[in-house]
Amino acid sequence: MALSGMRGLSVFISDIRNCQNKEQERLRVDKELGNVRTRFKNDKGLTPYEKKKYVWKMLYIYMLGYDVDFGHMEAVSLISAPKYPEKQVGYIVTSCLLNENHDFLRLAINTVRNDIIGRNETFQCLALTMVGNIGGREFAESLSPDVQKLLISSSYRPLVRKKAALCLLRLYRKNPDAVNIDGWADRLAQLLDERDLGVLTSSMSLLVALASNHHDAYWSCLPKCVKILERLARNQDIPQEYTYYGIPSPWLQVKTMRVLQYFPTVEDPNTRRSLFEVLQRILMGTDVVKNVNKNNASHAVLFEALALVMHLDAEKEMMSQCVALLGKFIAVREPNIRYLGLENMTRMLMVTDVQDIIKRHQAQIITSLKDPDVRRALDLLYGMCDVSNAKDIVEELLQYLSTADFTMREELSLKAAILAEKFAPDLSWYVDVILQLIDKAGDFVSDDIWFRVVQFVTNNEDLQPYAAAKAREYLDKPAIHETMVKVSAYIIGEFGHLLARRPGCSPKELFAVIHEKLPTVSTSTIPILLSTYAKIFMHTQPPDQELQNQIWAIFSKYESCIDVEIQQRAAEYLALSRRGEALVDILAEMPKFPERQSALIKKAEDTEIDTAEQSAIKLRAQQQTSNALVVTDQRPANGTPLANHQLGLVKIPTTSSNMDYNSTNQGLSQENGNLSKADPQTPSPDLLGDLLGPLAIEGPPGTAVQSHQNVIPGSGGDPTAADATAIVPVGEELNSIQPIGNIAERFHALCLKDSGVLYEDPNIQIGVKAEWRLHQGCLVLFLGNKNTSPLVSVQAVILPPSHFKMELSLVPDTIPPRAQVQCPLEVVNLWPSRDVAVLDFSYKFGHNMVNVKLRLPAVLNKFLQPIPVSAEEFFPPWRSLSGPPLKLQEVVRGVKPLPLAEMANLINSFRLMDPNPNNLVASTTFYSESTRAMVCLARIETDPADRTQLRMTVASGDPTLTFELKEFIKEQIVNIPVAPHAPGPVAPAPPVAQPTSPAAALTDPGALLAGLL
């Protein structure tokens, strides 16, 4: 800021600096603002010098943090001044005081444009700087063509062209749609031949922005980027002013390698070879030196080169070289360099076949846990952990937990618990780890961790005595954390009787050691201890009168507790304990927990912080050793099926947060390797059961039924099924493996119920189990491998319509032989629509690659909830909604002839309460994120003489919902898929209307559409 010749400005700045406090400064600023305002308002004949001086004062006051809400017009007017000093002030103050939406900027557009297209390079630089700083839409629309001409013209100095490139970059970033970039690929390719490194660096910044959005248009720039890297790597024709500590233009190297990462691959073999030679030179020529500035520059180039190597999926030899180089970094004593090495090694986990190489540095990585900031080392250990090194890593984390900073202990505990669960070689080790974790860091162990260990112990009988013995050992300690009291008391209460023959484990001794902890726990733990006392009381055989009296005394004491939960438990246990032998049945052992999604894994996914940790998650998603609890078909050596047809749980490591189910004793039989339901009874249309309940997937129909149902869509089969097929064709390619059964009928069946088979072929069975709550739902996809060989290259991609927000958990790349994997799919309904989501599923078996696209049964009726109303409640709101678009009416023809009773059964929320006995009415609530709970009313008027036509009226408070619901009901009434059924009992129809005969019930289309609304 030039102050020469402006004495008034210099005096004002001196006065401000001499102020003793903030109040004096504010008074001086107010006085000066008043003086400036008066001069601007009264003195019409201000000289350019005076106007310049006052505008400088306004800028200084603005820089002090005070609001300047006047004088903007005077600042803008200085832009059009013919002399440099006034024009400079105008551009600088306008850039600082005005934003891109200010109205005064429109007055300056023409002046700015004249400066840009003029021949005065100083004025061009001022104008380009201001436009780049403000970057508004009007500037982009009006000035971007002129800025482009400046950039590509070779008649201007490099200084102007550099500013033009940066100005265009700013305009494109702020308003990409307002800047016309058509045909810019060739122009940028020409700019990359520029010899001036300043213009080249600015142009490369522009290319980074353009290629990030439209890399397909800039393939012609790729070989020239490689040539630029070659020039820099060989230090050819690099001016001294662009060499930073011996490194040729590190900024340009970084930007060029970043551009190359936006292209999927380098196809030309010569270009690819040249690029890898450059990368090899960078890797070989980078080392740690004492000069901090040189380290910063060389490391910036190196780490960008590492990112490019990972992106291009280089040969394993180069990957090994990268890991070895990072190994040198993490061995350096300088913490900043070691931190960078750990961070980039974590990113290397994204690359396949590198994890084994990284494991060689495991000891050095563990040593980094002693650094002040251990987060990167912790992330790297978490990412590189698998079954082979889980024990060593978890033990190191437990050992470090005792000395870790308090701010890290919660994250450290969570990661240790997750790794122990995912990669446990056996469950007894898992129990040991969790109990040690609670013992060392109880304050930082969430309830989810001990809930999970209780679940595993309850579901594994062989583990129960071991867990009870370990819990008994921890209870002997004089002081243990309250969480340890909770988990130990629960396990002792449930399984302490298994230790009865061990010394020190009699019921009286177990009660005494647990009761010692009662005075030290909070009210939230007392209910668990009361339950433990009741269990010990029940298992004491023969009864011990002294122990009974002690327990009764405790129950009596807490009967008057102010806490409702404690009071209720004490009173109920006291009453139950006096029932004698009946107590054994009442307080029987807890049933096995249904296997469910791990809350720990879900929490870890929800709290991922940075890209380095996300990289580890992505890599572990690609690992073929997967960690889901997989349901496998257990067969004895002689090939005979197990008694009670039980399905066992096998622990296989993975990263997908799948939902697991305990399928033991669920009536599942085995038939040629397929999971089929032993009970042939058709399930009820309303299967809105607990999503965490047992798995109930129907198997394939019988052989006789299959002969009718195995119709390939589009091959001349049933035209109805072909029109409503659930497979979406994939080009002209046909799968060599054909599906079992009619896929369209499976889809329509799942539209009316919440569990069943969606797709099946000789290799795989895809089942669905769903739960719907208001506008949200959760579908669990069951991928069952029916073969004795694994299914590989498994991919599942959801193609959601615009009105759904869907998130599918990670699907393992391989499904083990005769195993089943569960993948939860979260669904959020945003607004009403009949469009359906598509599952693009593919896998490879042998040499056969199978790909199908399946419609998912997340349809409109899943978000409807019937409302029972009387005629008096229905018709007032019905009459209040008058006419389109909220109330639509249509005469529907081509309806399958049905008696009125069966029509009522067709859509089970219709009720025969209309004054006209030939009419049906319905009231239901539709849920979506946009409409929330929206009441929908429908009325169907039938003609007794002609059941093939009817008049349908639908009304709601949302026009889109009204139309979509009308069309949905119309589709279901006109096109009713009737599938052949095997003889057998039929699910009972709703009480509204019963089929007229058993024969009619077997083919009643109403049974297929029951539950639509």
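Residues numbered from 1 in each chain as written. Predicted model: local features only at pLDDT ≥ 70, side-chain atom pairs only at ≥ 80, totals over all residues. Heavy atoms only, no water.

### Some points on the overall build of the chain
- When helices and strands are counted, the chain shows 41 helices and 20 strands.
- With 1013 residues in all, the chain has 53% of them scored as buried.
- Long-range pairs, those at least 24 residues apart, make up 69% of the contacts in the chain with a sequence separation of at least 6.
- For the chain, the exposed surface amounts to about 45,700 Å²; the carbon and sulfur share of it is 52%. (Helix = DSSP H or I, 4+ residues; strand = E, 2+ residues; numbered from the N terminus. Buried < 20%, exposed > 50% of the residue type's maximum accessible area, 1.4 Å probe, protein only. Contact = heavy atoms within 4.5 Å. Areas by Shrake-Rupley, 256 points an atom, 1.4 Å probe, with all protein chains shown as cover.)

### Focus on the nonpolar core
- Ranked by size, the top nonpolar core spans 217 residues in total, and within it Val-112, Tyr-218, Ile-358, Leu-530 and Tyr-533 carry the most contacts.
- Once residues lying within four places of it in the same chain are set aside, the contact partners of Tyr-533 are Phe-511, Ile-514, His-515, Leu-518, Ile-551, Ile-554 and Phe-555.
- Formed by 57 residues, the second largest nonpolar core is a distinct cluster that contains Leu-750, Val-768, Phe-804 and Val-859. (Core = buried A, V, L, I, M, F, W, Y, C linked by side-chain atoms within 4.5 Å.)

### Observations concerning the sheet that holds strand β14 (residues 848-855)
- Spatial ordering of the open sheet is given by β10-β13-β14, a layout of 3 strands whose pairing is antiparallel. Looking at which strands have only one partner, the edges of the open sheet turn out to be β10 (792-799) and β14. Strand-to-strand twist in this sheet, taken as the mean axis angle between neighbours without regard to direction, amounts to 10°.
- Examined bridge by bridge, strand β13 (residues 838-845) and β14 share 8 bridges and lie antiparallel to one another. Along β14, the bridge assignment pairs Phe-841 with Val-852. (Pairing = 2+ DSSP bridges. Axes fitted to C-alpha atoms, helices over the stretch in contact; angles between N-to-C directions.)

### Observations concerning helix α20 (residues 375-384)
- Counting buried positions along α20 yields 9 of 10 residues, so the element is predominantly enclosed.
- Of all the residues in α20, the buried ones are Arg-376, Ala-377, Leu-378, Asp-379, Leu-380, Leu-381, Tyr-382, Gly-383 and Met-384.

### A few points about the side chain of Glu-74
- Relative to the assigned elements, Glu-74 resides in helix α4 (residues 72-77).
- Among buried Asp, Glu, Lys and Arg side chains, Glu-74 stands out as unpaired, with Lys-51 the closest opposite charge at 6.5 Å.
- Setting aside its immediate chain neighbours within four residues, Glu-74 contacts Phe-40 and Lys-51. (Lys, Arg positive; Asp, Glu negative; His and termini not counted. Salt bridge = Lys/Arg side-chain N within 4 Å of Asp/Glu carboxyl O.)

### Points about the packing of aromatic side chains
- Counted by the stated rule, this structure contains 15 aromatic pairs.
- Arranged with centres 5.1 Å apart and planes meeting at 55°, the rings of Trp-219 and Phe-263 form a pair that is tilted. With a gap of 44 residues between them, Trp-219 in the loop between α11 (197-213) and α12 (222-233) and Phe-263 in the loop between α13 (250-260) and α14 (269-285) connect regions that are remote in the sequence.
- Assessed through its relative accessible area of 1%, Phe-263 is described here as buried.
- Grouped by ring-pair contacts, the aromatic residues Tyr-244, Tyr-245 and Trp-251 constitute a single cluster.
- Here the guanidinium or amino end of Lys-87 rests over the ring plane of Phe-123, the centre of that ring lying 4.8 Å away.
- The cationic tip of Arg-578 hangs over the ring face of Trp-552; the distance from NZ or CZ to the ring centre is 4.5 Å. (Phe/Tyr/Trp six-rings, centres within 6.5 Å; stacked < 30°, edge-to-face > 60°. Lys NZ or Arg CZ within 6 Å of the ring centre and 35° of its normal.)

### Thoughts on the confidence of the model for the chain
- Within the chain, residue pLDDT values average 76, and 79% of them lie at 70 or more.
- Ranking the elements of the chain by mean pLDDT puts strand β4 (residues 648-651) last, at 32, and α13 first, at 93.
- Note that residues 909-913 has pLDDT below 50 and, in this model, 25 contacts with residues that lie over four places away or in other chains. (pLDDT = per-residue confidence, 0-100.)

### With respect to a negative patch on the surface
- A surface patch of like charges, here negative, comprises Asp-313, Glu-315, Glu-317 and Asp-353.
- With respect to the helices and strands, Asp-353 occurs in the loop between α17 (335-348) and α18 (355-359). (Patch = residues over 30% accessible without salt bridge, like charges linked within 9 Å, V, L, I, M, F, W, Y side chains within 5 Å. Charge placed at Lys NZ, Arg CZ, Asp CG, Glu CD.)

### Re the side chain of Asp-958
- By the element assignment, Asp-958 lies in the loop between β20 (946-956) and α39 (959-974).
- For the buried Asp-958, no salt bridge exists, and the shortest N-O distance to an oppositely charged side chain is 12 Å, to Arg-834.
- Only 2.9 Å separates the side chain of Asp-958 from the backbone nitrogen of Leu-961, close enough to count as a polar contact.
- Ignoring any residue separated from it by four or fewer positions in sequence, one finds Asp-958 in contact with Pro-832, Leu-886, Thr-931 and Met-934. (Polar contact = N/O pair within 3.5 Å; in protein donor to acceptor, adjacent residues only side chain to side chain.)

### What to know about the pattern of salt bridges
- Using the criterion set out here, one finds 46 salt bridges in the structure.
- In this structure, the salt-bridge partner of Glu-194 is Arg-161, at a minimum N-O distance of 3.1 Å. Residue Glu-194 is found in the loop between α10 (184-191) and α11, and its partner Arg-161 is found in helix α9 (residues 158-174); the two are separated by 33 residues along the sequence.
- Judged by its relative accessible area of 7%, Arg-161 falls in the buried class.
- For Asp-439, the salt bridge goes to Lys-477, with nearest N and O atoms at 2.8 Å. Residue Asp-439 is located in helix α23 (residues 427-441), and its partner Lys-477 is located in the loop between α25 (464-475) and α26 (482-495); the two are separated by 38 residues in the primary sequence.
- Through salt bridges with shared partners, a single ionic network connects Asp-15, Arg-28, Glu-32 and Lys-57.

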